[in-house]
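Take a look at the letters that make up each chain.
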Amino acid sequence: MNYTFPENFIWGVATAAQQIEGGMREGGRGLSNWDVFSHIPGTISGGGVPDVACDSYHLLDRDIAMMKELGVNSYRFSFSWPRIIPDGTGEVNPEGIAYYKKLLAGLKEAGITANATMFHWDLPYALQVKGGFGNRDMTGWFLNYAKVLLDNFGEDIEYWVTFNEPIATFVGNAKGFFAPGLCDEAYARQCCHNLLVCHGETVKLFRSRNYKNAKIGIVVDVWKHYPADPENPEDVAAAAAANETEGYGMYLHPLFLGGYSRYLNAYMKEQDVMPDIMSGDFETIRQKVDFYGMNFYNVLIDDSAKQRRLAAEQSEGGNYQNRPEYHTELLDKVLKEIVEEYGIDVPLFISENGLPQVGMTDREAILDDQERIDYLDKVLKTLHKAMQGGIDVRGYYLWSLMDNFEWSAGYEHRFGIYYTDFETLERIPKKSAAWYAGVIRHNGLPE
Ligand code: NOJ
């Protein structure tokens, strides 16, 4: 089988500001919701905080050199809102602008295009205090931020992403284990709704600029759930609920079809968690985007009997299996179904894909990441198959360039193809770095 990808296929790596930059109190940066949240004892496993992270605020050149070593032709990164506008609104921070100008100049020199996300979870804390996304004024605050970004970097970015994984804002407001740490589902639904309006308003602003080369889209992660037994109503109900009320359906439906799905509407009414919706919101949200970025990690099979058994074993302190099962061979099916279900008629990207090394401490073992190579190899083969079947995927971004601050998992989940020594900040290529460089060189998987 020949796994060559189309000419001009984009091979990239992805990171996000809060996870790699550090420099928390440097260069005029304001605090983010995650800076504050992560300093509350007990929020982050192992107690890791993102104050320094990979120190990309100072080590940009090293990051770019790594990308050159890999041979990637695109870099997906995010702007830090509190670095650009420390208080969320008002004064723009010239040092913040200068930092990203430097990054873009370095990328340009290396022949690497930019794929930049406006919001990858790090909200200025000053706005969190005012209610964050739950406050409808957010639409104005966000639009102002987007305007500053476009004024400064508009045509220098080939792919603009408004939001990365909006589900994180839901999790942070409904489940409590992401910033800001609230457990209020009704509030979280309002946050999600306002966030989608911010997206739509930003796309409108972007269109008014008539850029020649820059494009705009959004990234929604898809962890599709399937019932283990399609005849078992319990499995079927579990999968539908996961996809529609706490998954991709919450976003893809309003973005591509307009309005919330019948399922989600019924659920929100029943649970009394319906957000306030203003007239015109759904038209605003459903702007035509230039591309859709799908973050893909895994597919989940809902097997109620098995879940009950595991829960029982766990509560008895038994030897339950907590390693996830991977069903990446279903990516092909997932892509086809998502494109069909939501009538997605724009090009797609796999905007993130990767595998964590969990709780490992031995450096040599971490560097020898054959398991990651096997996982990535499988995903790329299935992706290739989907593309052969007609799905228009233009690029693939590996998460992540280097081990970094993995949100609530702190530094205990290592997703990098470069190892980060969080003491010395040294970066060392793992086995997968050479493997990925080979994939890029071959424009696909070697036979
Ligand atoms: C999703 C997020 O966008 C990214 O920030 C995170 O680190 C990876 N997936 C891995 O969990």
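In this text, all values refer to a predicted model and were calculated from it rather than measured experimentally.

Calculation criteria
Residues numbered from 1 in each chain as written. Predicted model: local features only at pLDDT ≥ 70, side-chain atom pairs only at ≥ 80, totals over all residues. Heavy atoms only, no water. Phe/Tyr/Trp six-rings, centres within 6.5 Å; stacked < 30°, edge-to-face > 60°. Buried < 20%, exposed > 50% of the residue type's maximum accessible area, 1.4 Å probe, protein only. Lys NZ or Arg CZ within 6 Å of the ring centre and 35° of its normal. Core = buried A, V, L, I, M, F, W, Y, C linked by side-chain atoms within 4.5 Å. Helix = DSSP H or I, 4+ residues; strand = E, 2+ residues; numbered from the N terminus. Contact = heavy atoms within 4.5 Å. Pairing = 2+ DSSP bridges. Axes fitted to C-alpha atoms, helices over the stretch in contact; angles between N-to-C directions. Arc of directions from axis to C-beta. Salt bridge = Lys/Arg side-chain N within 4 Å of Asp/Glu carboxyl O. Parallel < 35°, antiparallel > 145°, perpendicular 65-115°, else oblique. Left-handed = near helix turned anticlockwise from the far one by under 90°. Nonpolar A, V, L, I, M, F, W, Y, C, P; charged D, E, K, R; others polar. Near = heavy atom within 4 Å. Polar contact = N/O pair within 3.5 Å; in protein donor to acceptor, adjacent residues only side chain to side chain.

Peer 1: With reference to specific residues and values, describe the packing of aromatic side chains.
Peer 2: In this description, a pair of aromatic rings is defined by centroid distance and the angle of the planes. Scanning all chains against the criterion turns up 42 aromatic pairs. With a centroid separation of 4.9 Å and an interplanar angle of 45°, the aromatic rings of Phe 5 and Phe 9 are classed as tilted. Each member of the pair, Phe 5 as well as Phe 9, carries the same accessibility label: buried. Over the aromatic face of Tyr 99 sits the side chain of Arg 83, whose NZ or CZ is 5.6 Å from the ring centroid.

Peer 1: For the nonpolar core, give the residues involved together with the corresponding values.
Peer 2: Of all hydrophobic cores here, the largest spans 141 residues; its most connected members are Phe 77, Phe 79, Trp 160, Tyr 292, Leu 383, Tyr 396 and Tyr 436. Considering each element in turn, this core owes the most residues, ten residues, to helix 9 (residues 185–208). Residues within four places of Phe 77 in sequence aside, it is in contact with Thr 15, Tyr 100, Leu 103, Leu 104, Leu 107, Ala 114, Asn 115, Ala 116, Thr 117 and Ile 157.

Peer 1: Can you tell me about the sheet that holds strand 5 (residues 159–164), naming the residues and giving the values?
Peer 2: On the basis of which strands lie adjacent, the closed barrel formed by eight strands has the order 2-3-4-5-6-8-10-12 and parallel pairing. Within the sheet, the average angular offset between the axes of one strand and its neighbour, ignoring direction, is 25°. Against the sheet, helix 7 (residues 138–153) makes contact with strand 4 (113–119) and strand 5, and its axis sits at roughly 160° relative to strand 4, the strand it touches most. The sheet strands contacting helix 11 (residues 249–257) are strand 6 (215–221) and strand 8 (291–295), and the helix crosses strand 6 at an angle near 150°.

Peer 1: Hey, could you go over the pairing of strand 8 for me, with residue numbers and the actual values?
Peer 2: With five of its five residues buried, strand 8 lies for the most part within the structure. A two-sided burial pattern is seen for strand 8, the buried positions comprising Phe 291, Gly 293 and Asn 295 on one face and Tyr 292 and Met 294 on the other. When strand 6 meets strand 8, the two strands line up parallel, connected through five bridges. What sits directly across from Val 219, in strand 8, is Gly 293.

Peer 1: Summarise helix 15 (residues 331–341); cite the residues concerned and give the values.
Peer 2: Inspection of helix 15 places Leu 331, Asp 332, Val 334, Leu 335, Ile 338 and Val 339 among the buried residues, and these make up the whole buried set. All buried residues of helix 15 project into a common sector of 165° when viewed along the axis, lining one side.

Peer 1: Give me the pattern of salt bridges: which residues, what numbers.
Peer 2: For the coordinates displayed, the defined rule picks out 26 salt bridges. Measuring nitrogen to oxygen at the nearest pair gives 2.7 Å for the salt bridge that ties Arg 83 to Glu 21. With Arg 83 in helix 4 (residues 81–84) and Glu 21 in the loop between helix 1 (17–20) and helix 2 (33–38), this residue pair connects regions lying 62 residues apart in the sequence. Pair check on accessibility: Arg 83 and Glu 21 agree, each one buried. With its nearest N and O atoms 2.6 Å apart, the salt bridge here joins Arg 414 to Asp 403. Here the residue Arg 414 occupies a position in strand 13 (residues 413–414), and Asp 403 occupies one in the loop between strand 12 (393–399) and strand 13, the gap between them amounting to eleven residues. What makes Arg 414 buried here is its relative accessible area of 11%.

Peer 1: With reference to specific residues and values, describe the packing of helix 5 (residues 94–109) against helix 7.
Peer 2: Two elements in contact, helix 5 and helix 7, have axes separated by 11 Å at closest approach and are oriented at 45°. In terms of orientation, helix 5 lies oblique with respect to helix 7. The handedness of the crossing between helix 5 and helix 7 comes out as right-handed. Contacts between helix 5 and helix 7 involve Ile 97, Tyr 100, Lys 101 and Leu 104 from the former and Val 148, Asn 152 and Phe 153 from the latter. Among the residues making up the contact of helix 5 with helix 7, the classes are represented as five nonpolar, one polar and one charged.

Peer 1: Describe the site of the ligand, listing the residues and the values that go with them.
Peer 2: Gln 19, His 120, Trp 121, Asn 164, Glu 165, Asn 295, Tyr 297, Glu 352, Trp 399, Glu 406, Trp 407 and Phe 415 make up every residue found near the ligand. Contact distances for the ligand include 2.8 Å between an oxygen atom and a side-chain N or O atom of His 120. Here an oxygen atom of the ligand sits 2.6 Å away from a polar atom, N or O, in the side chain of Glu 406. For the shell around the ligand, the class distribution of residues is five nonpolar, four polar and three charged.

Peer 1: Give me the lowdown on the pairing of strand 3 (residues 74–78), citing residues and values where you can.
Peer 2: In terms of burial, strand 3 is largely enclosed, as five of its five residues are buried. Along strand 3, one buried face is formed by Ser 74, Arg 76 and Ser 78 and the opposite face, lined by Tyr 75 and Phe 77, is buried too. Pairing analysis gives three bridges linking strand 2 (residues 10–14) to strand 3, with the strands arranged parallel. Looking at strand 3, one finds that Ala 14 is bridged to Arg 76.

Peer 1: Provide a residue-level description of helix 12 (residues 262–271), including the pertinent values.
Peer 2: For helix 12, every residue scored as buried is listed here: Leu 264, Tyr 267 and Met 268. What you see down the axis of helix 12 is that its buried residues fit within an arc of 95°, all on one side. Opposite the buried face of helix 12, by more than 90 degrees, sit the exposed residues Arg 262, Lys 269 and Glu 270. If you follow the buried residues of helix 12, they end up packed against helix 9, helix 10 (233–245) and helix 11.

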